[in-house]
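Breakdown of the fold
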Amino acid sequence: RSGMIKPGDVLIAITAVKVIGAKWERRMIPALEFDFDTVVGAIGSNSQNWGCNDVVLQFQRPGESDPEKVKDFLDFFQPPSDSPWRQ
């Protein structure tokens, strides 16, 4: 669902591209723990070089969302423990 970002909204997930050797993968990744530079890097990785024409940002609006349900939702996007995305 698309909407307006408001002050106080919290970035919870973002699309990013990771290149590993000759392969690349774009995926939605949890972003709650990201610092500013990591967010900027994730945004920049969504390059047209990799067929990306957009960046997907997901936000949580405190007071309107259930933090436990958001956590469960983000768990779905966690890369496996042996994934290069965990490095």
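Structure first, text after, so check above.
These notes cover the structure that comes with them. (Residues numbered from 1 in each chain as written. Predicted model: local features only at pLDDT ≥ 70, side-chain atom pairs only at ≥ 80, totals over all residues. Heavy atoms only, no water.)

What the protein chain contains, in helices and strands, is 2 helices and 3 strands. Across its three principal directions, the C-alpha atoms of the protein chain cover 45 × 30 × 25 Å. For the protein chain, the residues scored as buried account for 28% of the 87 residues in total. Surface accessibility of the protein chain: about 6,400 Å² in total, with carbon and sulfur atoms responsible for 54%. (Helix = DSSP H or I, 4+ residues; strand = E, 2+ residues; numbered from the N terminus. Buried < 20%, exposed > 50% of the residue type's maximum accessible area, 1.4 Å probe, protein only. Areas by Shrake-Rupley, 256 points an atom, 1.4 Å probe, with all protein chains shown as cover.)

Applying the stated criterion across every chain, the model contains 3 aromatic pairs. Between Trp24 and Trp50, the aromatic rings sit 5.8 Å apart at their centres with planes inclined by 40°, giving tilted as the arrangement. Taken together, the residues span a long stretch of sequence, with Trp24 in strand β2 (residues 23-30) and Trp50 in the loop between α1 (36-45) and β3 (57-60) at a distance of 26 residues. Judged by centre distance (5.1 Å) and plane angle (90°), the ring pair of Phe76 and Phe77 falls under edge-to-face. (Phe/Tyr/Trp six-rings, centres within 6.5 Å; stacked < 30°, edge-to-face > 60°.)

Of all the residues in helix α2 (residues 67-77), the buried ones are Val70, Leu74 and Phe77. The arc enclosing the buried residues of α2, seen along the axis, measures out at 40°, which places them on a common side. Those residues of α2 that are exposed and aimed more than 90 degrees away from the buried face are Glu68, Lys69 and Phe76. Those residues of α2 that are buried lie in contact with β1 (10-20), β2 and β3. Where α2 starts, the residue carrying a side-chain oxygen 2.9 Å from the main-chain nitrogen of Glu68 turns out to be Asp66. (Arc of directions from axis to C-beta. Contact = heavy atoms within 4.5 Å. Polar contact = N/O pair within 3.5 Å; in protein donor to acceptor, adjacent residues only side chain to side chain.)

Counting 8 residues, the largest nonpolar core consists of Leu11, Ile14, Ala16, Ile29, Ala31, Val39, Ala42 and Trp85. Mapped onto this core, the elements with two or more residues apiece are β1 and α1. The greatest single-element share of this core, amounting to 3 residues, is contributed by β1. Setting aside chain neighbours within four positions, we find Leu11 in contact with Ala31, Leu32, Val39, Leu57, Gln58 and Phe59. Judged by nonpolar contacts, the second largest core, of 6 residues, contains Ile12, Met28, Leu74 and Phe77. (Core = buried A, V, L, I, M, F, W, Y, C linked by side-chain atoms within 4.5 Å.)

Pairing of β1 with β3 involves 4 bridges; the strand directions are antiparallel. Paired with Leu11 across the strands is Phe59, a residue of β3. As judged from the 8 bridges shared by β1 and β2, these two strands associate in the antiparallel manner. By the bridge assignment, Ile14 is partnered in β2 with Ile29. (Pairing = 2+ DSSP bridges.)

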